[in-house]
Amino acid sequence: MQRILVTGAAGQIGSELVPELRQRYGNANVIAAGHHTSLPADIRQAGPCTTLDVSVRAQIDRVIKAYGIDTIYHLSSILSALAEQRRQVAYRVNIQGLYNILEAAVDNGLERVIIPSSIGAFGPDTPGDRTPNETIQKPNTLYGISKVFGELMGNYYVHQLGCDVRGVRLPGIISWKTEPTAGTTDYAVAIFYGAIRQRHYTCYLKPDTFLPMMYMPDAILALIQVAEADGKRLHHHADFNVNAMSFTPPDLANAIQSRLPEFRIDYRIDPLRQAIADSWPNSLDDSAARSEWGWQPEFDMDAMVDDMLENLTRKLAAPEGSG
Ligand code: AKB
């Protein structure tokens, strides 16, 4: 039976990955690490939780030993837009924290470490359409540099130190449980809050910004499938492209409008996030993930929009603190 530590458990992905892992491996075997006050109530109530600053190596060792951890899903990360504004914090969490996790994994003989990468690991010189798994990676953001660092370090720990590190390059993630606010692709979540609450949204990216996106259940599926894949079939390790759907803000607005006819979108461009988005690809070639561990997303844009509107409408109608 695995004993799993999830860092960044209060974040957009962590808050949904922890319940899914607990369902598969048992509540007591999945330890959620995050600031206690920010962990969702369902996570705090259902199983073990701990506070953990990943930039302090001794804290990681303490948690691994205290809970008998053998697998880490390392999700702590400062997202792209915030990383440009808070470089020191981004360095501490995304680079120092990741290094600490890998070193702790080797020294404590862990079985496996899962580290998500991102489309942020690509840059303006990367081919933008069906970006190959192996390609030019010269990101011009601190977030992107930290993601390339994570991929290269992950592969280095696999090949030089025999540590089983795996990861997928996630597109923008759309979800209704925990709202992300520090990234570049977050408009594709915020638009649903605007549509349900005010039937209006002001988008900070230009209408022709075409980006790869994925619905949360597929992101959770990708992380768990890559973690559970047969190691003998893997030629890649910490750097699998995964693709699901791509769209522009008007594409998404039209899909929402066909369900909520009064919905309107307008635009006020944020130069910081626009520049980041312009450096990212349109879509990814994920044939390596498909052939090495059977990756296949379940949600297209229409299925995602239906599910988002249904779940977010229910969440926003519920009394404060009930979910
Ligand atoms: C961000 O926008 O920073 C993230 C990502 C694509 O990695 N959602």
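For the structure, see preceding data.
Criteria and cut-off values
- Residues numbered from 1 in each chain as written.
- Predicted model: local features only at pLDDT ≥ 70, side-chain atom pairs only at ≥ 80, totals over all residues.
- Heavy atoms only, no water.
- Axes fitted to C-alpha atoms, helices over the stretch in contact; angles between N-to-C directions.
- Helix = DSSP H or I, 4+ residues; strand = E, 2+ residues; numbered from the N terminus.
- Left-handed = near helix turned anticlockwise from the far one by under 90°.
- Contact = heavy atoms within 4.5 Å.
- Nonpolar A, V, L, I, M, F, W, Y, C, P; charged D, E, K, R; others polar.
- Near = heavy atom within 4 Å.
- Polar contact = N/O pair within 3.5 Å; in protein donor to acceptor, adjacent residues only side chain to side chain.
- Areas by Shrake-Rupley, 256 points an atom, 1.4 Å probe, with all protein chains shown as cover.
- Domains from an automatic or database assignment.
- Pairing = 2+ DSSP bridges.
- Phe/Tyr/Trp six-rings, centres within 6.5 Å; stacked < 30°, edge-to-face > 60°.
- Buried < 20%, exposed > 50% of the residue type's maximum accessible area, 1.4 Å probe, protein only.
- Lys NZ or Arg CZ within 6 Å of the ring centre and 35° of its normal.

*Asks:* Quick question: what am I supposed to make of the packing of helix 7 (residues 187–197) against helix 9 (residues 249–257) here?
*Replies:* Relative orientation and spacing of two packed helices are given, respectively, by the angle between their axes and the distance between those axes. Following both chains from N to C, one finds helix 7 and helix 9 inclined at 30°, their axes separated by 11 Å at the closest point. The two elements helix 7 and helix 9 cross, and the hand of that crossing is right-handed. Every residue of helix 9 that contacts helix 7 at Tyr187, Ala188, Ile191, Phe192 and Ala195 is listed here: Pro249, Leu252, Ala253 and Ile256. Classifying every residue of the contact of helix 7 with helix 9 by side-chain character gives nine nonpolar, no polar and no charged.

*Asks:* What is the right way to read the site of the ligand from this model?
*Replies:* Taken together, Leu79, Ser80, Ser118, Ile119, Tyr143, Gly183, Thr184, Thr185 and Trp280 make up all the residues around the ligand. A distance of 2.7 Å separates an oxygen atom of the ligand from a polar atom in the side chain of Ser118. A distance of 2.7 Å separates an oxygen atom of the ligand from a polar backbone atom of Thr184. If the ligand stood free it would expose 250 Å²; the protein chains cover 94% of that surface. Of the residues contributing to the shell around the ligand, the split by class is four nonpolar, five polar and no charged. Viewed by domain, the shell around the ligand spans two of them, domain 1 (4–172 + 214–241) and domain 2 (174–213 + 244–281 + 298–317), each represented by three or more residues.

*Asks:* Explain the environment of Cys49 to me, please; I cannot follow it from the model alone.
*Replies:* Tracing the chain through its elements places Cys49 in strand 3 (residues 49–50). Here the alpha-carbon distance between Cys49 and Gly34, two residues 15 residues apart in the chain, equals 7.7 Å. In this structure Cys49 touches Arg22, Ala32, Leu39, Ile43, Arg44 and Tyr67, once residues within four positions along its chain are discounted.

*Asks:* I'm lost on the sheet that holds strand 7 (residues 165–166) in this one. Help?
*Replies:* Paired through backbone hydrogen bonds, the strands of a sheet run either parallel or antiparallel to each other. Here six strands make up an open sheet; going across it, the order is 3-2-1-4-5-7 and the pairing parallel. The open sheet has two free edges, formed respectively by strand 3 and strand 7, since each of these has just one partner strand. The pairing of strand 5 (residues 112–114) with strand 7 spans two bridges and is classified as parallel. For Val113, the partnering residue across the bridge sits in strand 7 and is Val165. Sitting on the sheet, helix 5 (residues 87–107) touches strand 1 (4–7), strand 4 (71–74), strand 5 and strand 7, and the angle it makes with strand 4 is about 170°. Strands strand 4, strand 5 and strand 7 of the sheet are contacted by helix 8 (residues 216–228), whose axis makes an angle of about 155° with strand 5.

*Asks:* Looking at this structure, I do not really get the packing of aromatic side chains. What am I missing?
*Replies:* The description of an aromatic ring pair uses the distance of the two centres, along with the angle that the planes make with each other. Within the structure shown, the criterion is met by five aromatic pairs. Seen in terms of ring centroids, Tyr156 and Tyr157 are 5.6 Å apart; in terms of plane orientation they differ by 75°. Their pairing is edge-to-face. Residue Tyr156 is classed as partly exposed on the basis of its relative accessible area of 42%. Residues Tyr187 and Tyr204 carry aromatic rings whose centres are separated by 6.4 Å and whose planes lie at 85° to one another, so their mutual orientation is edge-to-face. Taken together, the residues span a long stretch of sequence, with Tyr187 in helix 7 and Tyr204 in the loop between strand 10 (200–203) and strand 11 (211–215) at a distance of 17 residues. Given a relative accessible area of 0%, Tyr187 falls into the buried group. Put simply, the rings of Phe240, Trp293 and Trp295 pair up and form one aromatic cluster. One cation-aromatic arrangement involves Arg273 over Tyr204; the distance from NZ or CZ to the ring centre is 3.6 Å.

*Asks:* Looking at this structure, I do not really get the sheet that holds strand 13 (residues 245–247). What am I missing?
*Replies:* Taken together, three strands build an open sheet; the order of strands is 9-11-13 and the sheet is mixed. Two strands bound the open sheet, and with one partner strand each, they are strand 9 (172–174) and strand 13. Mean inter-strand twist for the sheet, computed between neighbouring axes without regard to direction, equals 45°.

*Asks:* Explain the environment of Ser15 to me, please; I cannot follow it from the model alone.
*Replies:* Its location among the elements puts Ser15 in helix 1 (residues 14–25). Along the primary structure Ser15 and Asp42 are separated by 27 residues, whereas in three dimensions their C-alpha atoms are 9.2 Å apart. Leave out the neighbours within four places in its chain, and Ser15 touches Ala9, Ala10, Pro40, Ile43, Lys177 and Thr178.

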